[in-house]
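Understanding the architecture of this molecule
Spelled out from the first residue to the last, the chains are:
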Amino acid sequence: MLLHSVNLWNLAFYALMVFMATLGLWDVFFGFEENKCSMSYMFEYPEYQKIELPKKLAKRYPAYELYLYGEGSYAEEHKVLPLTGIPVLFLPGNAGSYKQVRSIGSIALRKAEDIDFKYHFDFFSVNFNEELVALYGGSLQKQTKFVHECIKTILKLYKGQEFAPKSVAIVGHSMGGLVARALLTLKNFKQDLINLLVTQATPHVAPVMPLDRFITDFYMTVNNYWILNARQINLTTLSVAGGFRDYQVRSGLTFLPKLSHHTSALSVVSSAVPKTWVSTDHLSIVWCKQLQLTTVRAFFDLIDADTKQITQNPKKKLSVLNHHFIRHPAKHFEENPSIISDLTGTSMWVPVKVSKWTYVAYNESDKIYFTFPLANHRKIYTHVYCQSTMLDTNSWIFGCINSTSMCRQGVDLSWKAELLPTIKSLTLRLQDYPSLSHLVVYVPSIHGSKFVVDCEFFKKETRSIQLPVTHLFSFGLSSRKVILNTSGLFYNIELLNFGQIYQAFKINVVSKCSGVKEEITSIYKLHIPWSYEDSLTIAQVPSSTEISVKLHIAQPDNDSHVALLKMYTSSDCQYEVTVKTSFSQILGQVVRFHGGALPAYVISSILLAYGGQLYSLFSTGHCLEYATMLDKEAKPYKVDPFVIMVKFLLGYKWFKELWDMLLLPELDAIILTSQSMCFPLVSLILFLFGTCTAYWGGLLSSTSVKLLSSLWLALKRPSELPKDIKIISPDLPILTIIFILISWTTCGAFAILLTYLYYVFKIVHLQASLTMFKNSQTVNPKHSRRSEKKSNHHKDSAVHHLRLSSSDAEDSLRMHSTLINLLTWIVLLSMPSLIYWLKNLRYYFKLNPDPCKPLAFILIPTMAILGNTYTTSIKSSKLLKTTSQFPLPLAVGVIAFGSSHLYRVPCFVFIPLLLHALCNFM
């Protein structure tokens, strides 16, 4: 029925929208690198020792527990308390298990064994009963208070020890990281109880799906506190994101706000972390061996040798985190590294005067110092670049001051180097080091190893090449390219006009090599200067390598830096770099950043179609098909211009004051602008996707009703079409009271679902009755015509005397088809709290707080009445015209206030439903 009411052009349009949405979804869920994380394994059987909590605490939080992680002999020894190590508390996230601590705990245990337990960490983990806190925010405050009690309990386990800790380090995964930040908002919490906070894939900025007001209120409380008290918060915080592999929490949400007076926070994507260099999904970030090794190394470097606990020095903490997570110089961390190094011993000193130099070291018996006099090079070149394939942690490059050919001491420049997967490299601007007379490269004596050292002097302009990216709307049909003809080792490709999150490109690097017998590796590093979200691609040349280029964080307005493609190349190869727009990845960015708002646009489209149906019933006496009205009424120009106009007017002080005086909430479009998430035409794209989803959803719901009615006919022969329409049947008040009591005593979403199922049952019954009536009409047409004529003859304005004809039944089914589609989305939006309630039913019979309870009290009687409502009973209502005019402004309100706050959407929907129900009585 729905397909027949849509012309072929519209059907082709809906199919095109499905195709475009599929492209975007594919990019989000599959358009990323393969999982390159190595699995972290336990060497001994993991054990989780339950820590006994005070009886009052256990009674107050019956679903929560605290565990100590251990393996083998360590676990046996620590069954007898007190403890002697350094406490670290792991907080799992949404539906997370306390057992996820085993990866980092096991690696830290192996590291402690390597140093004969000079220092060791005790890893604790909280069991939150795998609560779905990303879907239901009512328990976030409860979790926060429990963690506070856990910290106090943990510290008591060390009481009486010589080096007893006074604080704990916290590792929070997903929502666990937000709970850790929320600790500071508690009235009686002392900030000194936490010495370090590491969060993994935690959405700090905003909830992924704002499904209830408790989540958004919790976020507002936490973020406002951290912003307003930034000067007083001295907690060193590291936030690690998973990159594009994590489609559950996009990395842009994990970046802590950058405040000029709060410098103790770092945010980084795992693909940019040295020695990790991989993107992780939402779960693998807790077991990814490369990342956990980096985290554990940082933990051990944070230890203060005097207190045998994590240092209280904030500068050292930041230095360690920068060393391991931002820029690694291929040297072990030193708090105060010696800048001047001795260059003595029986070594060869070899002067090098050429501007480009390569040395292949193999089975070297003597130490060699290669010296590069800088006086002549300064006249011609601006920079020097050196790289080595020997990835040890020894110093390898120095600078001599006022020397002729050799020097006894040199400035250790190795701390300025950067570690990459296959090389360590150093680039120096010569004018920054005017006192250096020579550059010295050290080659140690080695046996059985082979490595290569390269150095070259160059002018910056010869290695910095500008490449303007293609236009957003070029759809990949045009491209731009540069060719690197010179035989350099290092190039910076400046990607001009690239800084917005809606931009996405494919860069293809083709390398052609001459006379190369051995396998050569090139590294292509996408460097984003305004955020730590770099990514690396390793290519074996000659080859053709494709690189996806898109952003997690948009370029700030006051930032003038340019995104770079840093190319570490081979001097034997020629490189061709081509960039073109990737349309599928642009759609992926739309879905990634705005996919959560799609339900609001779907419901807005359905509301517009619903309003059109009500008006057609008022004006013509008949209800048109849902698909017809969707095509006619669901137009973006009916919604978007109003939102844009209000956003524009809010820029004026007088309008903003009037807006605040009316106590209206902040416009969602302004929130998106503050987060740099405003795409060009994004609302139009989302509206088209929403209309398409509304159409196919309507087709699915109407088909489902027909299939269920066929099943009903097969199982039971229903009665004929109702002869007398009764809006309030004898059983309706009783059912309504029962459902309301269920809502009051258990869960509002559960009562809404039961009422929805009752409503669907009534519509299925009506569909079955109409089907049987039509079948009997086909068998006995004369009798059917007499029945129809008789039915029309007995129609009366009084509701309780109304009789239902087949045409009225069809009109009613058309209206109910739209209502089912609309109510289905309301039920879906209320499902998270129902799932949470069912999961915790063994602990709590009543959900408290319940985000759906107020809605249930209104929606239950409304749906109950609508289940007995027919078009013939409302077409003469005085309220019908007014009711038909409400869906349009409410559709605008859904987009204006519900796209970033989905829990507000049902508040806009129940208003026309309530008016529709009242039409039966007015």
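As annotated in an unreviewed UniProt entry, the protein is GPI inositol-deacylase from Bos taurus. Per UniProt, the comment on the protein under Sequence similarities (unreviewed entry) is "Belongs to the GPI inositol-deacylase family." UniProt, in the comment section headed Subcellular location (unreviewed entry), describes the protein in these words: "Endoplasmic reticulum membrane".

Section: the overall build of the protein
Check the secondary structure of the protein and you find 27 helices and 30 strands. With respect to the principal axes defined by its C-alpha atoms, the protein has extents near 115 × 70 × 60 Å. Residue burial in the protein is summarised as follows: out of 922 residues, 57% are buried. The long-range fraction of contacts in the protein, counting pairs at least 24 apart against all pairs at least 6 apart in sequence, stands at 81%. Of the roughly 40,800 Å² of accessible surface on the protein, a fraction of 58% belongs to carbon and sulfur atoms. Placing the 87 positive and 65 negative side-chain charges of the protein at their respective mean positions leaves the two points 7 Å apart.

Regarding the side chain of His-324
Counting through the fold element by element, His-324 comes out in helix α9 (residues 314-326). On the accessibility criterion, His-324 (6% relative accessible area) is buried. If sequence neighbours within four positions are ignored, His-324 has contacts with Val-273, Pro-274, Thr-294, Arg-297, Ala-298, Asp-301 and Phe-333.

A closer look at the nonpolar core
Grouped together as the largest cluster of nonpolar side chains are 102 residues, with contacts concentrated most on Ile-603, Leu-667 and Leu-913. The greatest single-element share of this core, amounting to 15 residues, is contributed by helix α22 (residues 806-839). Here this core spans two domains, and each of domain 1 (46-326) and domain 4 (596-776 + 803-919) adds at least three residues to it. Apart from residues lying up to four places away in sequence, Leu-913 is in contact with Tyr-610, Leu-819, Leu-822, Leu-823, Leu-859, Thr-862 and Leu-866. Grouped together as the second largest cluster of nonpolar side chains are 47 residues, Leu-66, Phe-128, Ile-170 and Val-222 included.

As for the pattern of salt bridges
With the rule as written, the count across this model stands at 22 salt bridges. In this structure, Glu-65 and Lys-50 form a salt bridge, with 3.0 Å as the shortest nitrogen-oxygen distance. Of this pair, Glu-65 sits in strand β2 (residues 65-71) while Lys-50 is found in strand β1 (residues 46-50), placing the two residues 15 residues apart along the sequence. For the salt bridge of Arg-110 with Glu-71, the shortest nitrogen-to-oxygen distance reads 2.9 Å. Taken together, the residues Arg-110 in helix α4 (residues 102-114) and Glu-71 in strand β2 connect sequence positions 39 residues apart.

What to know about the packing of aromatic side chains
Inspection of the entire model under this criterion finds 41 aromatic pairs. Each ring, one from Trp-357 and one from Tyr-359, has its centre 6.2 Å from the other, and the planes form 10°; the classification is stacked. Exposure remark for Trp-357: the relative accessible area of 10% places this residue in the buried category. Seen from their ring centres, Phe-473 and Phe-475 are 6.2 Å apart, and the 55° between their planes marks the pair as tilted. Given a relative accessible area of 42%, Phe-475 falls into the partly exposed group.

Some words on the packing of helix α6 (residues 175-182) against helix α7 (residues 213-228)
Running from amino to carboxyl end, α6 crosses α7 at an angle of 55°, the nearest separation of the two axes being 10 Å. Comparing their axes, α7 and α6 come out oblique. Regarding α6 and α7, the two cross each other, and that crossing is left-handed. Counting all contacts with α6, which are made through Met-175, Leu-178, Arg-181 and Ala-182, the residues of α7 involved are Phe-218, Tyr-219, Val-222, Asn-223 and Trp-226. For the contact of α6 with α7, the per-class residue count stands at 7 nonpolar, 1 polar and 1 charged.

Description of the side chain of Glu-65
One polar contact links Glu-65 to Lys-50, side chain to side chain, over a distance of 3.0 Å. When near neighbours in sequence (up to four residues on either side) are disregarded, Glu-65 contacts Lys-50, Ser-125, Val-126, Asn-127 and Phe-146.

A few points about the domain arrangement of the protein
Split by domain assignment, the protein resolves into domain 1 (46-326), domain 2 (340-461), domain 3 (463-590) and domain 4 (596-776 + 803-919). Each of domain 2 and domain 4 has a C-alpha centre, and these two points are 71 Å apart.

Quick notes on the state of the cysteines
As enumerated under the stated definition, the model contains 4 disulfides in all. Bridging Cys-400 to Cys-407, the disulfide has an S-S length of 1.8 Å. Of note, the bridge from Cys-400 to Cys-407 carries an S-S torsion of about -40° and is left-handed in sense. Both residues of the pair, Cys-400 and Cys-407, belong to the buried class. Across the disulfide, Cys-513 is cross-linked to Cys-573 (sulfur-sulfur distance 1.9 Å). Disulfide Cys-513 to Cys-573: torsion about the S-S bond roughly 100°, handedness right-handed. Here Cys-573 lies in strand β30 (residues 573-581) and Cys-513 lies in strand β25 (residues 504-513), a separation of 60 residues in the sequence. When its relative accessible area of 23% is taken as the criterion, Cys-513 is described as partly exposed.

Some remarks on unusual backbone geometry
Note that the residue after Val-541, namely Pro-542, is joined by a cis bond; omega there is 0°. Residue Pro-849 is reached from Asn-848 by a cis peptide bond, and omega for that bond is 0°. The topology assignment puts Pro-849 in the loop between α22 and α23 (853-866). Positive phi, close to 65°, is recorded for Asn-129, a residue that is not glycine. Tracing the chain through its elements places Asn-129 in the loop between β4 (121-127) and α5 (140-156).

Some remarks on helix α26 (residues 887-898)
The buried fraction of α26 is high, at 10 of 12 residues. Along α26, the positions that sit buried rather than exposed are Pro-887, Leu-890, Ala-891, Val-892, Gly-893, Val-894, Ile-895, Ala-896, Phe-897 and Gly-898. Elements in contact with the buried residues of α26: α13 (598-620), α15 (640-649), α16 (653-661), α17 (668-674), α25 (880-885) and α27 (905-918).

What about the UniProt feature "transmembrane region" (unreviewed entry) in the protein?
Taking the numbering used here, the UniProt-annotated feature "transmembrane region" (unreviewed entry) corresponds to residues 12-32, 598-618, 667-689, 735-759, 819-839, 851-870 and 890-915. Secondary structure over residues 598-618 splits into 100% helix and 0% strand, and the C-alpha atoms at its two ends are 31 Å apart. Secondary structure within residues 851-870 divides into 70% helix and 0% strand; the distance between the first and last C-alpha atoms comes to 31 Å.

Concerning the packing of α13 against helix α14 (residues 626-633)
Contact pair α13 / α14: the axes reach a minimum separation of 8 Å and the direction vectors enclose 110°. Relative to α14, the element α13 lies roughly perpendicular. Between α13, through Ser-605, Ile-606, Leu-608, Ala-609, Gly-612 and Gln-613, and α14, the contact on the second element is made entirely by Tyr-626, Met-629, Leu-630 and Glu-633. Looking at the contact of α13 with α14 residue by residue, the classes come out as 6 nonpolar, 3 polar and 1 charged.

Thresholds applied
- Residues numbered from 1 in each chain as written.
- Predicted model: local features only at pLDDT ≥ 70, side-chain atom pairs only at ≥ 80, totals over all residues.
- Heavy atoms only, no water.
- UniProt positions renumbered as here; feature names shortened; annotations may be inferred.
- Helix = DSSP H or I, 4+ residues; strand = E, 2+ residues; numbered from the N terminus.
- Buried < 20%, exposed > 50% of the residue type's maximum accessible area, 1.4 Å probe, protein only.
- Contact = heavy atoms within 4.5 Å.
- Areas by Shrake-Rupley, 256 points an atom, 1.4 Å probe, with all protein chains shown as cover.
- Lys, Arg positive; Asp, Glu negative; His and termini not counted.
- Charge placed at Lys NZ, Arg CZ, Asp CG, Glu CD.
- Core = buried A, V, L, I, M, F, W, Y, C linked by side-chain atoms within 4.5 Å.
- Domains from an automatic or database assignment.
- Salt bridge = Lys/Arg side-chain N within 4 Å of Asp/Glu carboxyl O.
- Phe/Tyr/Trp six-rings, centres within 6.5 Å; stacked < 30°, edge-to-face > 60°.
- Axes fitted to C-alpha atoms, helices over the stretch in contact; angles between N-to-C directions.
- Parallel < 35°, antiparallel > 145°, perpendicular 65-115°, else oblique.
- Left-handed = near helix turned anticlockwise from the far one by under 90°.
- Nonpolar A, V, L, I, M, F, W, Y, C, P; charged D, E, K, R; others polar.
- Polar contact = N/O pair within 3.5 Å; in protein donor to acceptor, adjacent residues only side chain to side chain.
- Disulfide = S-S within 2.5 Å.

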